[in-house]
Amino acid sequence: MPKSVYIHIPFCKSKCLYCGFYSKPPNQYDVKKVLNAEIAELKKSSFSKPAQTLYIGGGSPASVGIDSLCEFLSKVVELTGKADEFTVEINPADADENLLVNLKNIGVNRISIGAQSFIQSELDFLGRKYSVEKIDQTIKNAKQAGFNNIGLDLIFAVPGSNLSNWRQTLKKAIQADVQHISAYSLSYEKNTPLEKTKSAGKVKAVDEELDRKMYETVIKELAKAGFEHYEISNFAKPGFKCRHNLTYWKNEYYLGIGPAAASYIGDWRIENISDIEKYVEYIEQNENAAAEKIKISPLEKASQTAVLNLRLIEGIDLKEYQQKTDLDIYKFFGKSIEKNLNLKLLQLKDNRLSLTKQAMPIADSVLCDFAQPD
Amino acid sequence: MDIANIRNFCIIAHIDHGKSTLADRLLLLTGTVNQRDFKEQMLDTMDIERERGITVKASAVTMLYTLNGVEYMLNLIDTPGHVDFHYEVSRSMAACEGALLVVDASQGVEAQTVANAYLAVDSDLEIIPVINKIDLPAAQPKVVAEEIEHILGINKNECFHISAKSGQGILELLEAIITFLPPPVVDLTKQTKALIFDSHYDEYRGVICYVRLISGRLNPGDKILMMGSNRSYQVSELGKFTPGMKKIDSLGAGEVGYVIANIRTLSDITIGDTITLAKEPAKKALPGYKKPLQMVFSDFYPGNNTDYTHLRAAFEKLSLNDASFTFVPQNSPALGFGFRCGFLGLLHMEIIQERLERENDIEVVQTAPTVTYEVVETSGETYRIDSPSQLPEKTKIAELREPFVKLEIITPKDTIGNIMKLSEMKRCQLIRTDYISPTRVMMEFRAPLAEIVYDFYDQLKGISRGYATMDYEFIGFEVGDLVKIDILVNKAIVDALSLIVHRSIAEARGRKMLVKLRKAIPRHQFEIPLQAAIGGKIIARESIKAFRKDVTAKLYGGDVTRKMKVLKRQKEGKKRMKSIGSVQIPQQAFMSILDTSD
Ligand SMILES: Nc1nc2c(ncn2[C@@H]2O[C@H](COP(=O)(O)OP(=O)(O)OP(=O)(O)O)[C@@H](O)[C@H]2O)c(=O)[nH]1
Ligand SMILES: [Mg+2]
């Protein structure tokens, strides 16, 4: 039974250029009805109570309004019990003092702030509708409200940016004295406005060499500032790794609630229908909201576990791997392991198989070797 | 059946002119196949034939038809039109007295029309000219009839005008087959002689020999002798293709059918061999056939995820059904163990490669095809090589000879200029030009096979708006000023990328090869230098930059399924590659060195 619960709030006041998530403007929907449907879905889903981790993501959860969000979260907590780690994503555009205080009162104990950049021109380019000052303010409000586990999301390799811009963002993020930082290279997801302008030749991605340098810079700078690099894009102060996200990379079960949310339960990977209206309709008719349900074979599980574990800096714990998958990793990936060890892209230490430093910027070229048996 | 009531004929034509469709019509009209079981181009039974819409293997079928109260047995052989399968056509002809020469009414006489017509004349076949597709709006049956008369010397008034699609004119044609084509010549020697003109392999019954009985009779239980190999077998079943295999009690002189005699491997028989009875053998075997001549050679290596023994088993299985390709073990310093294979042409090669992979679930990496060269060493020793890597040291070579062909091109006259330009570039020498009609010509060249066997045809189509067609025939070896280009990948020579070319174009070609390779080899985790060398001297360099960033930034719960798919595809892409040192070279890279386009 899943111990982790993810709840998707599919609303956002304005969509960012690069965002590939499913979200819609809240004013076009009967938000109450949608949130009620999510509560109904949660009610009939099974997971272990109290949930160990609870993660509210979006969209922008706060875009539905403080009152609606708080009312919703109270109902959620009634169902899940008090989670050890209870995260809510915050878009600075939708955050104010009140919001943070209220969240704290409901029992939220971790805040993940989608800051993205401390350079105004980059925020504007990305279509983020707030100022750099608003980020500072949001962090301050969160601390004042009593949060001591705050995460910041950052994006690098934004077209037009350069290494000193990126250093500037990193410096401010470190100064903000938060516990967790995720740093993503901007990706050009299919069917996003960003990807379309790029294909049309109107924007140009930063060149690979700079992208790599920026990545190496974040690794170096955050290490200096006392952050542990624990996943390809994630960094945490000691004791503050995101436990919810670790569920994914350790390939453990999780429950996803809401339109487009994904679950992994009992060897099934399930994805809910993304269309909000259809989702509500299904739930109201007491039907299952799954749009896709894929049975994961033992071999696929072996592949997925390897790929996901390798995203962690600590890599694959070979003993644990054997126990969990009941499969011999060398039997299926022996050739790939050997080859990548020789190329110094993988390393074997203390019965753990992990990416080397030089493999991290090109991790997919190694991970793909584990996507299916040799 | 009385031998006077038997007709044996084949259908020959340029590719796509409608042979198989005409065969369909005849099968339906004679009631050999009923509407319910019918499907289009029904004699094209192989998957590859149906998918590509072309005939690859000749098929024989027996039909019965009653005319004026007399029952006739009509044995038809549908032949392939593509130049690579000429050999199949000439084999089929030895089992026939007549040929239907089909010409597309909208396309006219084409290169293989001419080649096949001459083949039929050489085989002493009676020819019935058939103009097909007269239903097409662009049909010009009159013009085409003129062409047939002009170029082939066949009276234009003898042409039958048909549409194999609508069925128009088919009945008249069918009756002409009976009235116009001669019955088999009665061979009065009483000993049994049967020509093996084709064969295929059945997993359960072993080798099925397709035979044409020249004299005598065959019965089940007969002990037979293969006159060429001197092996003997016992006939377990005789039959006819209708078009499925149908058992019969006896095969008589003049008839066409199949023989099953517990022959376990195809290499135990030779196409063209003569079957006779062991107890009363014929005095002399039939003339038989020349061995097929492999025109192009290429190495096949197991892909990253296939092993050698598996590949060998696959080749053995395929060779049971196609005796016209060859394979011998080959060991390349760069690519390891594989096979050197010979094919009748590029289409034949493509088909073998596709069947190999598809029917056996394996992946092969194939090197660029090359022709055979003749080496004369300073010691006087002369031998042939079919791979640039077999070339001896420069100092040992007294002479290097390359194969030449007679090349025939039929094309609209306004494209002559373009064709002359192309042929000059390809070292072809014009021998003659004949007008086959006021608007079309036939050009004959002497051409080095190496220049025309790869992308010549595509280029020809390109410069003639698709109208030109070509045919070629091997004539002999000739001395050429040839050199070998070696390619170094990551500082090491990759023998499978070597190429023998004419000195006049060698440097330009070497540079082009590198440009093509740079595009074909994916970027790696490190930089890869590429070099081209002639006789040890580096003549060109390129390099493939390392990729610097290849990582998915976010991978959370909702991304797993999608991301796994993408990674799987990335891994599959690597499978069709060959590891040479730490460089992965994809299949296309080996082929890309032949690409001379810009
Ligand atoms: N309109 C029209 N199309 C025809 C006729 N006969 C054949 N075709 C079409 O021409 C194409 C080639 O026909 P096939 O019968 O496969 O030609 P083929 O000569 O056997 O070809 P190969 O065996 O590959 O040399 C097919 O698409 C047929 O449907 C006809 O009388 N009229
Ligand atoms: Mg055909």
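Thresholds applied
Residues numbered from 1 in each chain as written. Chains lettered and ligands numbered in written order. Predicted model: local features only at pLDDT ≥ 70, side-chain atom pairs only at ≥ 80, totals over all residues. Helix = DSSP H or I, 4+ residues; strand = E, 2+ residues; numbered from the N terminus. Rg over C-alpha atoms; globule rule 2.2 N^0.38 Å. Buried ≥ 20, exposed ≤ 12 C-beta atoms within 10 Å, placed from the backbone. Contact = placed C-beta atoms within 7 Å. Pairing = 2+ DSSP bridges. Axes fitted to C-alpha atoms, helices over the stretch in contact; angles between N-to-C directions. Domains from an automatic or database assignment. Nonpolar A, V, L, I, M, F, W, Y, C, P; charged D, E, K, R; others polar.

Considerations on the overall build of chain A
So, step 1. Counting secondary structure elements, chain A contains 14 helices and 15 strands.
So, step 2. Its C-alpha radius of gyration of 21 Å places chain A within 12% of the 21 Å reference for a compact globule of 374 residues.
So, step 3. Based on the C-alpha atoms only, the size of chain A along its principal axes is roughly 55 × 50 × 45 Å.
So, step 4. In chain A, buried positions account for 49% of the 374 residues.
So, step 5. The long-range share in chain A, meaning contacts at least 24 apart out of those at least 6 apart in sequence, stands at 72%.

A word on the sheet that holds strand E15 (residues 256-260) of chain B
Remark on secondary structure: sheet strands pair via backbone hydrogen bonds, oriented parallel or antiparallel.
All names here are of chain B.
So, step 1. On the basis of which strands lie adjacent, the open sheet formed by 8 strands has the order E11-E10-E16-E7-E8-E15-E12-E13 and antiparallel pairing. Among the strands making up the open sheet, the edge pair consists of strand E11 (232-234) and strand E13 (245-248). Direction aside, neighbouring strands of the sheet carry axes that sit 40° apart on average.
So, step 2. With 4 bridges joining them, strand E12 (residues 237-241) and E13 adopt antiparallel strand pairing. Considered in E13, the bridge of Phe241 is made with Met245.

What about the domain arrangement of chain B?
Residues and elements named next belong to chain B.
So, step 1. Segmentation of chain B into domains returns domain 1 (3-180), domain 2 (193-277), domain 3 (296-369), domain 4 (374-479) and domain 5 (483-594).
So, step 2. Computed over C-alpha atoms, the centres of domain 2 and domain 3 are 29 Å apart.
So, step 3. Contacts between domain 2 and domain 3 engage 5 residues on the former and 4 residues on the latter.
So, step 4. The residue inventory of the side of domain 2 that touches domain 3, partitioned by class, reads 3 nonpolar, 2 polar and no charged.

Let's talk about the domain arrangement of chain A
So, step 1. When its domains are assigned, chain A resolves into domain 1 (4-249) and domain 2 (316-370).
So, step 2. Centre-to-centre separation of domain 1 of chain A and domain 2 of chain A, based on C-alpha positions: 30 Å.

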